[in-house]
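# Structural characterization, general
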Amino acid sequence: MTDSNIKRTTSSDSNRGKARTIGFLLLNNFTMISLASAVEALRMANQLSGEELYAWYTLTEDGEPISASDGIKITPDASMYGNLNLDTVIVAGGVNVIKAYNKRHISWLQEMDRKGCKLGGVCTGAYLLADAGLMNGYDCSTHWEYLASLQEAFPKVNCSNRLFSIDRTRMTCTGGTVPLDMMLNMIKQEHGYQLSAAISEMFICERIRDESDQQKVPLRHVLGTTQPKLVEVVALMEANIEEVIEMDELAHYVGLSRRQLERLFQKYLECSPSKYYLKLRLLRARQLLKQSTMPIIDIAAACGFVSTPHFSKCYREQMGLPPSEERGAKNQVVDGDGSKVAVKAKPKLKPVVNPKGSLSAGAFSEAKTESTFGSVNLKDKG
């Protein structure tokens, strides 16, 4: 991808020479690897350039420690209400994101948008931005596990299966190490290819992925390129969950007979095409039950079922419980003795905490001892 094909952010020339200040809003059960991937790119940009190009802060709603999905607690720099002059806010989401935020988060993000902040999300953080109405009309990427529910709940958002999307004043990405790629592309836009390539070399990345890269579909990952017809059929199934395609039509689309299609599925997936298709639809339904407030009758229709009773019967047979119980289970947790108990209410907010200084300042000072410090001349942008 050339520079001309990359969507530019709207930074002005007057901001050059001033550190871009980024606040990472941590939601409960955020994924640590996504946060670290994003922050490390900024740290290395400062180190290699020999300039403090980026300053970053970690934020929570009340300034209190918060747990990542791996159980590690992070003590943030500040409450989101701290008096910080932020250029960008990036929401770090993770497990069960719908339960990880509230109306105060939404209101604060809307206020940041009104102040002209660029907004972003890593892993499932885009879901909160979408719920706040801040992704309407923008390209959006999120982890594949939440893609279906985000599309259903927020139809005005331009969801895609891309690893990340940088669209004007919005930048969103999937999870894992993808935030590193998104940040490298942002750094490339703002400070040139030479710096982003040098950061990639420091982190031993084989290549910098761009917006044309798609999330990996598990089946493609398993089969690779050895069974293109099978991969094509499954892709058709995944793209047609609501309007179900008949088996004979599926076979015709990929140039196979019905019998050949049956044999392919039995050999490589150990089930019939119709059973695999049904499982895909029920897995989509499970995501919507757990990640949205859509009525069950609407979920049934969105997943290609002609009636709610038929949907409930199929769901119970596949998942072991009816849809109503699946939805009810998300509001409970399991106690030590195995019994289910209601989720406890969140305690009242504590006073706002203000940081003493950006984390980037200490990291920048330490970086001066590294041999690579200042090794990239930003005046010679590539």
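Structural notes, computed from the coordinates. The model shown is predicted, which means the values in this text are computed figures rather than measured ones. (Residues numbered from 1 in each chain as written. Predicted model: local features only at pLDDT ≥ 70, side-chain atom pairs only at ≥ 80, totals over all residues. Heavy atoms only, no water.)

## So, the overall build of the protein
Along the backbone of the protein there are 15 helices and 13 strands. Counting all 382 residues of the protein, 49% fall into the buried class. Considering only contacts in the protein between residues 6 or more positions apart, those separated by 24 or more positions represent 67%. Summed over its atoms, the accessible surface of the protein is roughly 19,000 Å², and 50% of this surface lies on carbon and sulfur atoms. (Helix = DSSP H or I, 4+ residues; strand = E, 2+ residues; numbered from the N terminus. Buried < 20%, exposed > 50% of the residue type's maximum accessible area, 1.4 Å probe, protein only. Contact = heavy atoms within 4.5 Å. Areas by Shrake-Rupley, 256 points an atom, 1.4 Å probe, with all protein chains shown as cover.)

## Quick notes on the packing of helix α5 (residues 178–191) against helix α6 (residues 193–202)
α6 packs onto α5 with a crossing angle of 150 degrees between their chain directions and a minimal axis gap of 7 Å. One way to sum up the angle between α5 and α6 is to call them roughly antiparallel. On α6, the residues that touch L184, I187, K188 and H191 of α5 are Y193, L195, S196, I199 and S200. By residue class, the composition of the contact of α5 with α6 is five nonpolar, three polar and one charged. (Axes fitted to C-alpha atoms, helices over the stretch in contact; angles between N-to-C directions. Parallel < 35°, antiparallel > 145°, perpendicular 65-115°, else oblique. Nonpolar A, V, L, I, M, F, W, Y, C, P; charged D, E, K, R; others polar.)

## A few points about helix α2 (residues 103–114)
Taking 1.5 Å as the rise per residue, α2 with 12 residues should run 16 Å; its terminal C-alpha atoms sit 17 Å apart, in good agreement. Listed as buried for α2 are H105, I106, W108, L109 and M112. Mapping the buried residues of α2 onto a view down its axis gives an arc of 165 degrees, with all of them on the same face. Looking at α2, the residues exposed on the side facing more than 90 degrees away from the buried face are K103 and R114. Elements that come into contact with the buried residues of α2 comprise β1 (20–26), β2 (54–60), β6 (88–92), β7 (118–122) and α3 (125–131). For α2, the N-terminal capping position is held by N102, with its side-chain oxygen 2.8 Å away from the main-chain nitrogen of R104. A positive backbone phi angle near 95 degrees is found at G116, which sits one or two residues after α2. (Expected span 1.5 Å × (residues − 1). Arc of directions from axis to C-beta. Polar contact = N/O pair within 3.5 Å; in protein donor to acceptor, adjacent residues only side chain to side chain.)

## Here we look at the environment of G328
Residue position: G328 is located in helix α14 (residues 323–329). Distance from G328 to L289, taken between C-alpha atoms, is 9.2 Å for residues 39 residues apart in sequence.

## Quick notes on the pattern of salt bridges
Following the criterion strictly, the structure yields 14 salt bridges and no others. A salt bridge links D113 to R170; its shortest N-O distance comes to 3.0 Å. Highlighted residues: D113 in helix α2 and R170 in strand β11 (residues 170–173), separated in sequence by 57 residues. Residue D113 is classed as partly exposed on the basis of its relative accessible area of 29%. A salt bridge links R207 to D213; the nearest nitrogen and oxygen atoms lie 2.6 Å apart. Residue D213 is classed as buried on the basis of its relative accessible area of 15%. Here the salt bridges do not stand alone but share partners, grouping D248, R258 and E262 into one network. (Salt bridge = Lys/Arg side-chain N within 4 Å of Asp/Glu carboxyl O.)

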